[in-house]
Amino acid sequence: KEIHEQPDAVSRVVGRFVDRGARTLAVQDPLSFDFADLSRMTVSACGTAYLAGLIGKYWFERYARLPVDIDVASEFRYREMPLSANDAAFFISQSGETADTLASLRYCRKAGMKIGAVVNVRESTMARESDVVLPTLAGPEIGVASTKAFTCQLSVLASLAVRAGVARGVISKEQEKTLVRALSEAPRYANQVLKLEEQIERIARELSRYSDVLYLGRDTNFPLAMEGALKLKEISYIHAEGYAAGELKHGPIALIDENMPVIVIAPHDRIFEKTVSNMQEVAARGGKIILITDAEGVQTVGHNVAETIVIPHAASFVAPILAAIPVQLLAYHTAVAMGTDVDQPRNL
Ligand code: M6R
């Protein structure tokens, strides 16, 4: 249910942060700082929220030329990182109550930083203790495995990265329009992705017969690969790992054989060919490839792929928001096929 709510939820976020008609940003929440004054930004979160932040890092650095330090909160709070009172720290959390993230927020507050919270629960402690609250507007997330909160966090971070790019003079009016258009189209594309569910269910039934799965991706699809692995292990209890595709040859390639399905997340982008060469390395070792790509990707890729899930060809800026959905559906249907409790996984 929550996976299916995503087109509406993302649309709510886009509606709040974007002026669809003017194709410009319309961030309603005034910031207590100017992105132009920052020399870097610190981000801290846990689990899926951390992986959303990691994708955000690519966006902030690419579109706003703003360096981002990001850590899992349980490391950040203890690792005695040098912090500057002139910089801002953002905390991402569905609940707004996660202990390590909250402790990191208080740590940055003590260091005199400006504090921003990307939270789903508006009344949460993190929201109360922040200078700026950017609500993710996902609505209540009841399933323990985060789905719509993740894509809404991504939508907020994408909007914020464009805002930072404009404030820092990195993005022209024309580029702002292009990026805003891409964001505005995301909900419609997300709806189309949901139509792939029958195919994904069939692939998931097959996936449920394996005990290990590897996820690969480059660029923003690398954190998404880790999110895919997290989702699968969390609800189906199948062991899964997410890797940067370029790291394959530095170790994980030793695992590849016919018993290791490899899910490659690679909508067509400027480094697609690089990922294709990693797929060839997998295919040469008998690995079964499940490729999540778009129509352009299908045209380029060879025939060494066991299954191809074709999502709409969107701007690569918003591709992770769309590619997240097949990744979630794969985990969901695998868990259903295995008979595990998708809403309330054990031990969580
Ligand atoms: O409420 P939070 O976003 O702070 O929770 C952080 C993590 O516990 C959470 O994202 C977790 O990893 C997901 N529920 C996994 O699906």
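Refer to the preceding data block for the structure.
Notes on the structure in this doc start here. Keep in mind that this is a model prediction, so the values were computed, not measured.

Some remarks on the packing of helix α1 (residues 6–17) against helix α6 (residues 148–167)
Point 1. Relative orientation of the contacting elements α1 and α6 amounts to 25°, with a least axis distance of 9 Å. For the element pair α1 / α6, the angle class is roughly parallel. Relative to α6, α1 is oriented so that their crossing is right-handed. Where α1 abuts α6, its residues Gln 6, Ala 9, Val 10, Val 13 and Phe 17 lie against Lys 148, Thr 151, Cys 152, Ser 155, Val 156 and Ser 159.
Point 2. Of the residues assigned to the contact of α1 with α6, the class counts are 6 nonpolar, 4 polar and 1 charged.

Regarding the sheet that holds strand β5 (residues 88–93)
Point 1. Strand order in this open sheet of 5 strands is β4-β3-β5-β6-β7, and the pairing throughout is parallel. In this open sheet, the two edge strands, each paired with only one partner strand, are β4 (68–72) and β7 (132–135). On average, adjacent strands in this sheet sit at an angle of 20° to one another, irrespective of strand direction.
Point 2. Summarising the sheet, strand β3 (residues 41–45) and β4 pair through 5 bridges and their orientation is parallel. Residue pairing across strands places Ser 44 opposite Asp 71, the latter belonging to β4.
Point 3. Sheet strands in contact with helix α2 (residues 47–64) are β3, β4 and β5, and its direction is about 170° off that of β4.
Point 4. Sitting on the sheet, α6 is in contact with β5, β6 (114–119) and β7, with an inclination near 160° to β5.

Structural notes on the site of the ligand
Point 1. Close to the ligand lie 13 residues; Ser 93, Gln 94, Ser 95, Thr 98 and Val 144 are nearest.
Point 2. Within the side chain of Ser 95, one N or O atom sits 2.7 Å away from an oxygen atom of the ligand.
Point 3. In this structure, Lys 231 approaches the ligand through a side-chain N or O atom, which is 2.8 Å from an oxygen atom.
Point 4. When isolated, the ligand has an accessible area of 410 Å², and the protein chains bury 80% of it.
Point 5. Listed by contribution, the elements that provide at least two residues to the shell around the ligand are α2 and α9 (221–236).
Point 6. Counting residues per element, the shell around the ligand draws most heavily on α2, at 3 residues.

Describing the pattern of salt bridges
Point 1. Scanning the entire structure with this criterion turns up 17 salt bridges.
Point 2. The shortest N-O distance in the salt bridge between Asp 100 and Arg 77 comes to 2.6 Å. Of this pair, Asp 100 sits in helix α4 (residues 99–110) while Arg 77 sits in the loop between α3 (73–76) and β5, placing them 23 residues apart in sequence.
Point 3. Among the charged side chains, a network of salt bridges with common partners joins Lys 1, Glu 5 and Lys 148.

Section: the packing of aromatic side chains
Point 1. Under the criterion given, the structure shown has 6 aromatic pairs.
Point 2. Geometrically, the ring pair formed by Trp 59 and Phe 317 is edge-to-face, given 5.5 Å between the ring centres and 65° between the ring planes. Here Trp 59, found in helix α2, pairs with Phe 317, found in the loop between β12 (307–311) and α12 (319–338); they are 258 residues apart in sequence, far enough to count as distant.
Point 3. Assessed through its relative accessible area of 1%, Trp 59 is described here as buried.
Point 4. A residue is classified by how much of its surface remains accessible, and Phe 317, at 2% relative accessible area, is buried.
Point 5. Ring geometry for Tyr 63 and Phe 317: centres 5.0 Å apart, planes at 75°, overall edge-to-face. Of the two residues, Tyr 63 is situated in helix α2 and Phe 317 in the loop between β12 and α12; the sequence distance between them amounts to 254 residues. The exposure classification of Tyr 63 matches that of Phe 317, with both residues buried.

Quick word on the side chain of Gln 153
Point 1. Relative to the elements of secondary structure, Gln 153 occurs in helix α6.
Point 2. A relative accessible area of 1% places Gln 153 in the buried class.
Point 3. Other than its neighbours up to four places away in sequence, Gln 153 contacts Thr 48, Ala 49, Ala 52, Ile 92, Ser 93, Gln 94, Val 118 and Thr 136.

Describing the nonpolar core
Point 1. Ranked by size, the top nonpolar core spans 89 residues in total, and within it Phe 35, Trp 59, Phe 60, Phe 90, Tyr 215 and Phe 317 carry the most contacts.
Point 2. Excluding residues that lie within four positions of it along the chain, Trp 59 makes contacts with Ala 64, Leu 154, Leu 157, Ala 158, Ala 161, Thr 220, Phe 317 and Pro 320.
Point 3. Counting residues in each nonpolar core, the second largest holds 18 residues, with Leu 216, Val 262, Phe 272 and Met 279 among its members.

Some remarks on the side chain of Thr 293
Point 1. For Thr 293, the position within the fold is in strand β11 (residues 288–294).
Point 2. Among residues more than four places away in sequence, those in contact with Thr 293 are Ala 266, Pro 267, His 268, Phe 272, Val 298, Thr 308, Ile 309, Val 310 and Ile 311.

Regarding unusual backbone geometry
Point 1. The phi dihedral of Glu 80 is positive, around 55°, even though this residue is not glycine.
Point 2. You can see Glu 80 is positioned in the loop between α3 and β5.
Point 3. The class for Glu 80 is exposed, based on a relative accessible area of 67%.
Point 4. The residue Asp 219 is not glycine, and still its phi comes out positive at about 60°.

About the thresholds
Residues numbered from 1 in each chain as written. Predicted model: local features only at pLDDT ≥ 70, side-chain atom pairs only at ≥ 80, totals over all residues. Heavy atoms only, no water. Axes fitted to C-alpha atoms, helices over the stretch in contact; angles between N-to-C directions. Helix = DSSP H or I, 4+ residues; strand = E, 2+ residues; numbered from the N terminus. Parallel < 35°, antiparallel > 145°, perpendicular 65-115°, else oblique. Left-handed = near helix turned anticlockwise from the far one by under 90°. Contact = heavy atoms within 4.5 Å. Nonpolar A, V, L, I, M, F, W, Y, C, P; charged D, E, K, R; others polar. Pairing = 2+ DSSP bridges. Near = heavy atom within 4 Å. Polar contact = N/O pair within 3.5 Å; in protein donor to acceptor, adjacent residues only side chain to side chain. Areas by Shrake-Rupley, 256 points an atom, 1.4 Å probe, with all protein chains shown as cover. Salt bridge = Lys/Arg side-chain N within 4 Å of Asp/Glu carboxyl O. Phe/Tyr/Trp six-rings, centres within 6.5 Å; stacked < 30°, edge-to-face > 60°. Buried < 20%, exposed > 50% of the residue type's maximum accessible area, 1.4 Å probe, protein only. Core = buried A, V, L, I, M, F, W, Y, C linked by side-chain atoms within 4.5 Å.

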